[in-house]
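Each chain is listed here by its residues.
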Amino acid sequence: MPDALDLTRSQMVALLRAPEPDVLKSLLPAATLDAATRARVEGHARLILNDLRAAQSTGWINRFLQEYRLNTQEGVALLSLAEAYLRVPDTTTADLLIKDKLGDADWKAHSGQSGSKLVNSATFGLVLTRALVADEGGVLKGLLARAGEPFIRAGVAAAMRLMGSVFVMGRDIEEALDRAAKPDNTGFTASFDMLGESARTWDDAHAYYASYENAIAAVGASKKVLGHNISVKLSALHPRYEVANAKACVAELTEMMIGLSRKAAGLGIGLTVDAEETERLMLSLDIIEGVARDPQLSGWDGFGMAIQAYGKRCRPLVGWAEALGAATGRKLFVRLVKGAYWDSEIKKAQVDGLSDYPLFTRKAATDVSYLACARDMLDAAHIYPAFAGHNALTVATLIDWAGPRRDFEFQRLHGMGEGLHERLVREEGFACRTYAPVGGHRELLAYLVRRLLENGANSSFVHQLADATITEDMLLADPATRIATVEGRPHPGIRKPAELFPGRVNSAGIDLNDEATLKSVMEAVTKSESLAATALVSGQPVTGDPKPVINPATGAKVGSVIEAVAYDVRRAIAAATAAAPAWNARPVEDRAACLERLADLLEENRPELLRLAVQEAGKTVGDAVAEVREAVDFCRYYANQARTSLAPEILPGPTGERNELRLVGRGVFACISPWNFPLAIFLGQITAALVTGNAVVAKPAPQTPLIAYRAIQLAHKAGIPADVLHFLPGGVEVGDAIISHTAINGVAFTGSMPTARTIARNLLKDDNRPIVPLIAETGGLNAMIVDSSALPEQVVADVVTSAFRSAGQRCSALRLLVVQEDIADGLIRLLTGAMDTLVLGDPSDIRTDVGPVIDGAARDKLEAYRQSMKANWVHTLEKPALSGTFVPPTLIRLEKVEDLTQEWFGPVLHVVTWKASELEEVVARINAQGYGLTMGLHSRIKATADAVSDMARVGNLYVNRSMIGAVVGSQPFGGEGLSGTGPKAGGPHFLMRFVSERTISTDTTSAGGNATLLSLAETDV
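Cut-offs used in this document
Residues numbered from 1 in each chain as written. Predicted model: local features only at pLDDT ≥ 70, side-chain atom pairs only at ≥ 80, totals over all residues. Heavy atoms only, no water. Helix = DSSP H or I, 4+ residues; strand = E, 2+ residues; numbered from the N terminus. Areas by Shrake-Rupley, 256 points an atom, 1.4 Å probe, with all protein chains shown as cover. pLDDT = per-residue confidence, 0-100. Contact = heavy atoms within 4.5 Å. Pairing = 2+ DSSP bridges. Axes fitted to C-alpha atoms, helices over the stretch in contact; angles between N-to-C directions. Salt bridge = Lys/Arg side-chain N within 4 Å of Asp/Glu carboxyl O. Phe/Tyr/Trp six-rings, centres within 6.5 Å; stacked < 30°, edge-to-face > 60°. Lys NZ or Arg CZ within 6 Å of the ring centre and 35° of its normal. Parallel < 35°, antiparallel > 145°, perpendicular 65-115°, else oblique. Nonpolar A, V, L, I, M, F, W, Y, C, P; charged D, E, K, R; others polar. Expected span 1.5 Å × (residues − 1). Polar contact = N/O pair within 3.5 Å; in protein donor to acceptor, adjacent residues only side chain to side chain. Buried < 20%, exposed > 50% of the residue type's maximum accessible area, 1.4 Å probe, protein only. Right-handed = clockwise from strand over helix to strand, strands pointing away. Core = buried A, V, L, I, M, F, W, Y, C linked by side-chain atoms within 4.5 Å. Left-handed = near helix turned anticlockwise from the far one by under 90°.

Quick notes on the overall build of the chain
Logical step 1: Looking only at helices and strands, the chain has 36 helices and 30 strands in total.
Logical step 2: Working note: accessible area of the chain is about 40,000 Å², and carbon and sulfur atoms make up 54% of it.

Here it is in structure tokens:
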């Protein structure tokens, strides 16, 4: 029989993606108040509201934040400025940032509105600043020309530091301790949080560990206020704190936490593990349990954890904490919070195509969960409860439930909720603790502001309290009643991940952070099973000598393939030519239904496809999952597009005439695909050609025929006739034979520019041959521009993803990093540290970040280039001790943009710098290289993003995000110039290139008069 710890963990697993109504049904009884209790609670809450509103009317900071709330353009502008300004080192970018954030907002609308003279003075300063930085003339502009910029910069910097002081307790632990001891904090203890961001490098992790050690020592030595504790963020102590690295990171973090806990216990200080993203929860429980079971910490009740109520697993998590306390003979300190990653968790589940959300979609549902968990915590024998939040109704409810008890505490965020907790401490005698961030304003303010901007602040109690349009009754509405009224249904504005796209089902993802799911996937991808593939002409295999297909990571044989020869090509094209008219004549609905059945079959056969992607193409498990999903999305997207875009259209004209436009297939399309997306691009080309009424001869890359073969088999099974879709694996000879055949009516190709040029020339060799469409996507020199307003940690994460994921073997991969020189040294240090955390190896190991390049020829070409540039190496990694075709990720310094003259298709990244005044010149120089596939930009200045989007001649521009992973239907993919012909794959215009347009004009009067006019005449009275 499982013990209580195992039982509660099993319950958490079951609830992770459970339907929201089912989860809430079990929570509502504990969160529902009877009429008498409700009356008492509401009366107390109204008293608390009075104190809160009184506090908001005093103090200029409260007035300022009330005046510039997050639902105003001005409030967002101020917080966006605060997020970036203090980290900008150069005056040029600082001035641009100020102008961008303050120049367009309506500060005059706030002038004189506040009851605070200080706020009104600050608003006048903002009005003045806007006048100085806006594109306006007059006296103020003249003032700016004489002395304005330094004056404005100094004022803005002071204002940002002042905002920082509101949210940050101190720039270091000593300053924070001094501030905690000031009279306005009398009666409050603190939980000091030493940083905001997660560790990106091992140096970061070591520095953060040292800061925790220092904080423990400083708090232990301080005699000013007793009872403070420390909050620890596990992701700060390990740059690879993730499920894929669980075996290593859990052991290492447990050891680090035991070390910190022993120091804290020795000094009588508490230590609380902060809650982080959903995917890390189970890892954190292993670490917390490891610390709690340390023999040297026996009897220490200072250890604890935070629990986020917005998670569906929250209630059994409280049960787990109680069980751990019982098992280790201690009281576990448990901080219950509403949650801090709501927006990002919603987006991640949508992006990953998961079955449901791990958290509640309604704020009232989170409140219900909070109350149910709080009741359990008050009833628990081995939990010391800490209730964090600023909601008057929640606080009043907990006080009513607790009765005369005082063996728990309330918590608040530093800088928020003044009035509520002062009453609790000074009038009602409750213990209260302030969650107090500690660190430099330059680093921490950015983190704290992003938390405010990202986490639905407009629906928070603090925001609603400041909104005069929200009545007291609305503020005190019972969350249990609200949830019961809607029967626990999810928020109607937040569709499930599967329902994200109108008209089609989103491809199903795999939760690789779920232990059982991950185990199943790894069993599938490591399975040893050889596949024998063969060319298929009208569904019949050809004869010939099989060739081995090799795993690029290990050199082992994955399977074999019998390639086509010229005779097979001729037979396939002849059969396709004969079959095309009947296929084209079938209703679009029939063809679209075949694609949708193929999508379903791809998902049903996903384990085998994942294995082939990993073993044949050398893809990591995450990339393999994305590959299958993209193929599924192509099938469903083009099926949905065809139903609407291929419908006949009646065109306007004079009465008595009918003009109809029809779109029909061109005949036989050749689809030639690359090895880097051997399923997604392969099927993307094929399905577009098929659904538009064409027959297809498909040639995959010679390195990856096995996964393509299985895709063809599944396509035939889905109802696509064998004589309509033919499979012709092979090398250059097969490709030449296909292209040179005059019955080919169009070509879809993804690959190198030299090969695309060869195809284009071959299509024009025969003077008697019609000019047929060539749809080509051919790679690029893909640059990312970074200015000094960008957040370095975010830049580095996106650079590592864009340059080194898939071993740099994506058409869209980052090749050239273009960094403003003012931040280049620091950014490069952070980047090289992040590179050191990467794991190179066999992609069938879930820990692997960078697998092999596709074959020996690719490796040798890249290695020759790397060695030729060795004098310019900034950083590189060691090759793994494996026999595969590995190329270490390498960062190479160049003097100028023009030094990169060709695409290096692998994990090789180049870096150059630019001056703050050179943005237009930099974009022009990148454009001049002639390629136009992808470009990235990292900047917090909207005007900069607008300017680059206007100037950049690229198919895909990515702003403040990675440059890879284009989503079908959302981010149509394709380039211009030397990077391709268009139209964009996965976009609304792609299918149009596969069809011919035919117009039929009929004179309807030729059969005896104009029936339309006659009918109109008869109705004329």
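Additional details are given in the paragraphs that follow.
Some details on the confidence of the model for the chain
Parts of the prediction with low pLDDT should not have their coordinates interpreted in detail.
Logical step 1: With 88% of its residues at a pLDDT of 70 or more, the chain has an overall mean of 90.
Logical step 2: Of the regions scoring below 50 in pLDDT, residues 116-133 engages in 44 contacts with residues more than four places distant in sequence or in other chains.
Logical step 3: Predicted confidence for residues 135-148 stays below pLDDT 50, and this span has 15 contacts to residues more than four positions away or in other chains.

Focus on the sheet that holds strand β24 (residues 890-893)
Logical step 1: Strand order in the open sheet formed by seven strands is β23-β24-β25-β22-β21-β27-β28, and the pairing between neighbours is mixed. Of all strands in the sheet, those with a lone pairing partner are β23 (873-876) and β28 (956-959), marking the two edges. When the angles between neighbouring strand axes are averaged without regard to direction, this sheet yields 20°.
Logical step 2: In this sheet, strand β25 (residues 908-914) lies alongside β24 in parallel orientation, the contact comprising four bridges. Bridged to Leu891 within β25 is Leu909.
Logical step 3: Across the sheet, helix α33 (residues 856-868) lies against β23, β24 and β25, angled at about 40° from β25, the strand it touches most.
Logical step 4: Across the face of the sheet, helix α35 (residues 942-951) comes into contact with β27 (934-938) and β28 while running at roughly 165° to β27.

What to know about the pattern of salt bridges
Logical step 1: Inspection of the entire model under this criterion finds 53 salt bridges.
Logical step 2: The partner of Glu487 in a salt bridge is Arg489, with the nearest N and O atoms 3.0 Å apart.
Logical step 3: When salt bridges that share partners are traced, they join Arg38, Glu42, Arg46, Glu472 and Asp473 into one network.

Some thoughts on the environment of Thr366
Logical step 1: Summarising the element assignment, Thr366 is placed in helix α15 (residues 363-379).
Logical step 2: The spatial distance from the C-alpha of Thr366 to the C-alpha of Val337 is 10.0 Å, given a sequence separation of 29 residues.
Logical step 3: Setting aside residues up to four positions removed in sequence, Thr366 forms contacts with Ala309, Tyr310, Lys338 and Phe360.

Topic: the packing of aromatic side chains
Logical step 1: Throughout the structure, instances matching the rule amount to 16 aromatic pairs.
Logical step 2: A centroid spacing of 5.6 Å and a plane angle of 80° characterise the contact between Phe408 and Phe410, whose relative ring orientation is edge-to-face.
Logical step 3: Through a chain of ring-to-ring contacts, three or more aromatic side chains come together here, namely Phe634, Tyr637, Tyr638, Phe669, Phe990 and Phe994.
Logical step 4: Between the NZ or CZ atom of Arg412 and the centre of the ring of Phe188, over which it lies, the distance is 4.3 Å.

Thoughts on the packing of helix α25 (residues 606-615) against helix α28 (residues 705-717)
Logical step 1: Their axes nearest at 8 Å, the elements α25 and α28 cross at an angle of 155°. Of the possible angle classes, the one that applies to α25 and α28 is roughly antiparallel. Along its contact with α25, which presents Glu608, Leu609, Leu612 and Ala613, the element α28 presents Leu706, Ile707 and Arg710.
Logical step 2: Split into classes, the residues belonging to the contact of α25 with α28 amount to five nonpolar, no polar and two charged.

Concerning α33
Logical step 1: Compared with an ideal rise of 1.5 Å per residue, which puts 13 residues at 18 Å, α33 spans 18 Å between its outermost C-alpha atoms and is within 8% of the ideal.
Logical step 2: Looking at the buried side of α33, the elements it contacts are β23, β24 and β25.
Logical step 3: Residue Asp855 occupies the N-cap position of α33, its side-chain oxygen lying 3.3 Å from the main-chain nitrogen of Ala857.

A few points about unusual backbone geometry
With the exception of glycine, most residues fall at negative phi, and the peptide bonds are largely trans.
Logical step 1: Along the chain, Gly982 connects to Pro983 via a cis peptide bond; the corresponding omega equals -5°.
Logical step 2: Within the secondary structure, Pro983 sits in the loop between β29 (976-977) and β30 (995-1003).
Logical step 3: Not every positive phi belongs to a glycine, and Ser806 is a case in point at roughly 60°.
Logical step 4: By secondary structure assignment, the location of Ser806 is in the loop between α31 (792-804) and β22 (816-820).
Logical step 5: By relative accessible area, which is 13% here, Ser806 ends up buried.
Logical step 6: Unlike most non-glycine residues, Ala807 shows phi in positive territory, near 55°.
Logical step 7: Secondary-structure assignment places Ala807 in the loop between α31 and β22.

Overview of the side chain of Arg412
Logical step 1: With respect to the secondary-structure elements, Arg412 resides in strand β7 (residues 409-413).
Logical step 2: At 3.5 Å, the side chain of Arg412 forms a polar contact with the side chain of Thr434.
Logical step 3: Look past the residues within four positions of Arg412 in its chain and what remains in contact with it is Asn185, Phe188, His390, Glu418, His421, Glu422, Arg433, Thr434 and Tyr435.

Section: the pairing of β28
Logical step 1: The two faces of β28 differ: Asn956 and Tyr958 on one face are buried, but Leu957 and Val959 on the other face are not.
Logical step 2: Between the parallel elements β27 and β28, the chain passes through α35 in a crossover that is right-handed.

Some points on the pairing of strand β19 (residues 746-750)
Consecutive side chains along a regular strand alternate between the two faces of the sheet.
Logical step 1: Within β19, five of the five residues are buried, leaving the element largely enclosed by the surrounding structure.
Logical step 2: Here β19 shows no split at all, with Gly746, Ala748 and Thr750 on one side and Val747 and Phe749 on the other all buried.
Logical step 3: Summarising the sheet, strand β16 (residues 668-672) and β19 pair through four bridges and their orientation is parallel. Residue pairing for β19: Ala670 is matched across the bridge by Val747.
Logical step 4: Direction of pairing for β19 relative to strand β20 (residues 774-777): parallel, over a ladder of four bridges. Considered in β20, the bridge of Val747 is made with Leu774.
Logical step 5: Regarding topology, helix α30 (residues 753-763) serves as the crossover connection from β19 to the parallel β20, and that connection is right-handed.

Points about the sheet that holds β7
Logical step 1: Around the barrel, eight strands lie side by side as β1-β2-β3-β4-β5-β6-β7-β8; this closed barrel has parallel pairing. Taking each pair of neighbouring strands and ignoring which way they run, the sheet shows an average axis angle of 30°.
Logical step 2: On top of the sheet, helix α13 (residues 314-328) reaches β4 (303-308), β5 (332-337) and β6 (383-388); it is set at about 170° to β4, its chief contact.

Details of the nonpolar core
Logical step 1: Among the nonpolar cores identified, the biggest contains 212 residues, and Phe192, Ile230, Met257, Met305, Leu336, Phe387 and Phe410 are the most heavily contacted of them.
Logical step 2: Among the elements that line this core, the one with the most residues is helix α26 (residues 621-645), at 12 residues.
Logical step 3: Met257 has contacts with Val232, Leu234, Leu237, Leu271, Val273, Ile287, Val291 and Phe303, leaving out every residue within four places of it along the chain.

Here we look at the environment of Ala292
Logical step 1: Checked against the element boundaries, Ala292 lands in helix α12 (residues 281-292).
Logical step 2: Exposure remark for Ala292: the relative accessible area of 3% places this residue in the buried category.
Logical step 3: Considering only alpha carbons, one finds Ala292 and Gly325, 33 residues apart in sequence, at a separation of 8.2 Å.
Logical step 4: With residues near it in sequence (within four places) discarded, Ala292 still touches Phe303, Leu324, Thr328 and Arg330.

Observations concerning the packing of helix α2 (residues 20-31) against α15
Logical step 1: Running from amino to carboxyl end, α2 crosses α15 at an angle of 50°, the nearest separation of the two axes being 8 Å. It follows from the interaxial angle that α2 and α15 lie oblique. Crossing hand, α2 versus α15: left-handed. Between α2 and α15, the contacting residues are Glu20, Leu24, Leu27, Leu28, Pro29, Ala30 and Ala31 on the first element and Ala365, Val368, Ser369, Leu371, Ala372 and Arg375 on the second.
Logical step 2: Classifying every residue of the contact of α2 with α15 gives 10 nonpolar, one polar and two charged.

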